[in-house]
Amino acid sequence: MKAVATALLLFATAVYFFARWQEASGAGAWAGYVRAASEAGMVGALADWFAVTALFKRPLGLPIPHTAIIPTRKDVIGRSLGDFVGTNFLSEAVVRDKLQRAEVPRRIGTWLDDPDHAERVTSELATAVRGAVQVLRDEDVQEVVEHALVRKVIAQPWGPPLGRILGQVFADGSHHKLVDLVCDRAYDWVRDNHDLVLRVVSQRAPSWSPKFFDEIVADKIYAEVLSFAWAVKTDPDHQMRKAVDRFLVEFAHDLQHDERTMAKAEQIKHQVLEHPEVQNLVSSAWSTAKKMILDAAEDPSSELRQRVRDGLRSLGKRLSAEDELRGKVDGWLEGAVVHVVTNYRDELTTLITDTVERWDAQETSRKIELQVGRDLQFIRINGTVVGSLAGLAIYTVSELLI
């Protein structure tokens, strides 16, 4: 395009000299018109060549002021470009309007509702989970578990919260089924252990007591115990049951207010947590969880991945059909994006300015010229043509008026 524009300038120059030669040779009036048009064309071409060249370099290497604009003012242009982007593209009004017109939740919902898309997202999530789990060191995770979980459990007293929970359970009567189970098992045990009762009575009886007498006593004791167990089992208002209720309520109260009971609960807590089996369970918890996560993530038919797929499709259907949910998601999305552009707009535009500042001035000028140079050379061509027409018009008007 440079060659074309330069050739047009040379053509205008050649026509000018030809017209001048014809005028000197006594040619007709046409020579004046041609000379005026070609002369103005040369002026227009040279003026636009200067303007285009001045953007990228100094014309003919001369230190003319306000030339080589891009190389000398590269950093200023970068800052201006960053300010322009921040003001016109990263403003709150522009971002909100664009997000509202984009209907992002509806599009996401329609996309997720497709089984292939849901499977694709599930697969990508599984890959991300596998990568995250494999990157984590087992020792670090176990240490975090021990510090964040076990030590936190140790630091919290067990008595008062446990007492509050038990108190609520006992107040609601939710424990009665457990008491029923204990009474049933107690009755079954007594019913099935007649020989054991007989043996205990025989062992406790005096040596001089006749055996038949011991058996009579044992049978009597067994019958009484069995009758008592049956009464406790079948009578919801039995005194034994009420005694158990009173004991449990008092125990829940003591866990919250009695210092000795609370201290005993703390002692039991430490004994439980310091038990070797519990320590082994804590140490192996991450290894077990890691294996379960990896197995579930790698198996496309696993329950975990199936639930994720179904959940994604369900979310997609709801986003497509429920206006209220879409409105909520729109609000969350707008709030998040507006927060980012409002609080970090300067950091975002700094990316532009810092990048431009790192560019080499001459290389930058060269790259921009290669990108827009074709259109700029058309300016030179248009300058030649428009200049010629303007010169011809001026010459014609002057000839008609003078």
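Values in this document were obtained by computation on a predicted structure and should not be read as measured data. (Residues numbered from 1 in each chain as written. Predicted model: local features only at pLDDT ≥ 70, side-chain atom pairs only at ≥ 80, totals over all residues. Heavy atoms only, no water.)

Undergrad: Help me understand the overall build of the chain in this model?
TA: Assigned secondary structure in the chain consists of 18 helices and 0 strands. Counting over 402 residues, the chain shows a buried share of 27%. Within the chain, contacts between residues at least 6 apart in sequence are counted, and of these 70% link residues at least 24 apart. Only carbon and sulfur atoms are counted for the fraction: they give 62% of the accessible area of the chain, which is about 26800 Å². (Helix = DSSP H or I, 4+ residues; strand = E, 2+ residues; numbered from the N terminus. Buried < 20%, exposed > 50% of the residue type's maximum accessible area, 1.4 Å probe, protein only. Contact = heavy atoms within 4.5 Å. Areas by Shrake-Rupley, 256 points an atom, 1.4 Å probe, with all protein chains shown as cover.)

Undergrad: Would you take a moment to explain the pattern of salt bridges for this structure?
TA: Close approach of charged atoms lets side chains of opposite charge pair. Using the criterion set out here, one finds 17 salt bridges in the structure. The partner of R313 in a salt bridge is D113, and the shortest N-O contact between them spans 3.7 Å. One end of the pair, R313, is in helix α16 (residues 303-321); the other, D113, is in the loop between α6 (104-112) and α7 (115-135), with 200 residues separating them in the sequence. Under the relative-accessibility criterion, D113 is labelled partly exposed at 24%. Taking the shortest distance from any N to any O, the salt bridge between R191 and D188 comes out at 3.5 Å. Taken together, the positions of R191 and D188, both in helix α10 (residues 176-192) and 3 residues apart, correspond to about one turn of that helix. The class for R191 is partly exposed, based on a relative accessible area of 41%. Here D188 falls in the partly exposed class, since its relative accessible area comes to 23%. A single salt-bridge network, built from bridges that share partners, covers R20, E23, R35 and E39. (Salt bridge = Lys/Arg side-chain N within 4 Å of Asp/Glu carboxyl O.)

Undergrad: Looking at this structure, I do not really get a nonpolar patch on the surface. What am I missing?
TA: On the surface, a nonpolar cluster with roughly 530 Å² of combined accessible area is contributed by V397, L400, L401 and I402. Relative to the assigned elements, V397 resides in helix α18 (residues 361-401). Judged by its relative accessible area of 45%, V397 is partly exposed. (Patch = residues over 30% accessible without salt bridge, like charges linked within 9 Å, V, L, I, M, F, W, Y side chains within 5 Å.)

Undergrad: Where do I start with the side chain of S302 in this structure?
TA: Considering the arrangement of structural elements, one finds S302 in the loop between α15 (276-298) and α16. Here the side chain of S302 touches A296 through a polar contact of 2.6 Å, landing on its backbone oxygen. (Polar contact = N/O pair within 3.5 Å; in protein donor to acceptor, adjacent residues only side chain to side chain.)

Undergrad: What should I look at first to understand helix α17 (residues 323-358) in this one?
TA: For an α-helix, 3.6 residues make a turn, and residues three or four places apart therefore share a direction. At Y344, α17 is deflected by roughly 75 degrees, the largest bend along its length. Along α17, the positions that sit buried rather than exposed are L325, R326, E334, V338, V341, T349, T353 and V356. The inward-facing, buried residues of α17 abut α4 (74-88), α5 (92-102), α6 and α16. (Bend = angle between axes of the 7 residues up to and from the residue.)

Undergrad: It is not clear to me how the packing of α10 against helix α13 (residues 239-257) should be interpreted in this structure. Could you clarify?
TA: Any two packed helices are characterised by the angle at which their axes cross and by the distance between the axes. Following both chains from N to C, one finds α10 and α13 inclined at 130 degrees, their axes separated by 12 Å at the closest point. In this view, α10 runs oblique relative to α13, as classed from their interaxial angle. Crossing of α10 against α13: the hand is right-handed. Judged by residue contacts, H176, V179, D180 and C183 of α10 engage R241, V244 and D245 from α13. (Axes fitted to C-alpha atoms, helices over the stretch in contact; angles between N-to-C directions. Parallel < 35°, antiparallel > 145°, perpendicular 65-115°, else oblique. Left-handed = near helix turned anticlockwise from the far one by under 90°.)

Undergrad: Help me understand the packing of aromatic side chains in this model?
TA: To describe a pair of aromatic rings, you give the distance between the ring centres and the angle between the ring planes. Taken as a whole, this structure holds 4 aromatic pairs when the rule is applied. A ring pair is formed by Y33 and Y395, whose centres lie 5.0 Å apart and whose planes are at 85 degrees; its orientation type is edge-to-face. You can see Y33 sitting in helix α2 (residues 30-56) and its partner Y395 sitting in helix α18, a full 362 residues away along the chain. Judged by its relative accessible area of 17%, Y395 falls in the buried class. Judged by centre distance (5.2 Å) and plane angle (55 degrees), the rings of Y187 and W230 are tilted. Of this pair, Y187 sits in helix α10 while W230 sits in helix α12 (residues 211-234), placing them 43 residues apart in sequence. The exposure class assigned to Y187 is buried, which follows from its relative accessible area of 13%. Judged by relative accessible area, W230 falls into the partly exposed class, the value being 44%. (Phe/Tyr/Trp six-rings, centres within 6.5 Å; stacked < 30°, edge-to-face > 60°.)

Undergrad: Help me understand the environment of W30 in this model?
TA: In this fold, W30 is placed in helix α2. Judged by relative accessible area, which is 41%, W30 ranks as partly exposed. Along the chain, W30 and A19 lie 11 residues apart, while their C-alpha atoms are 8.7 Å from each other. Discounting residues that sit within four places of it in the chain, W30 has contacts with F18 and Q22.

Keep in mind these values describe shape, not function.
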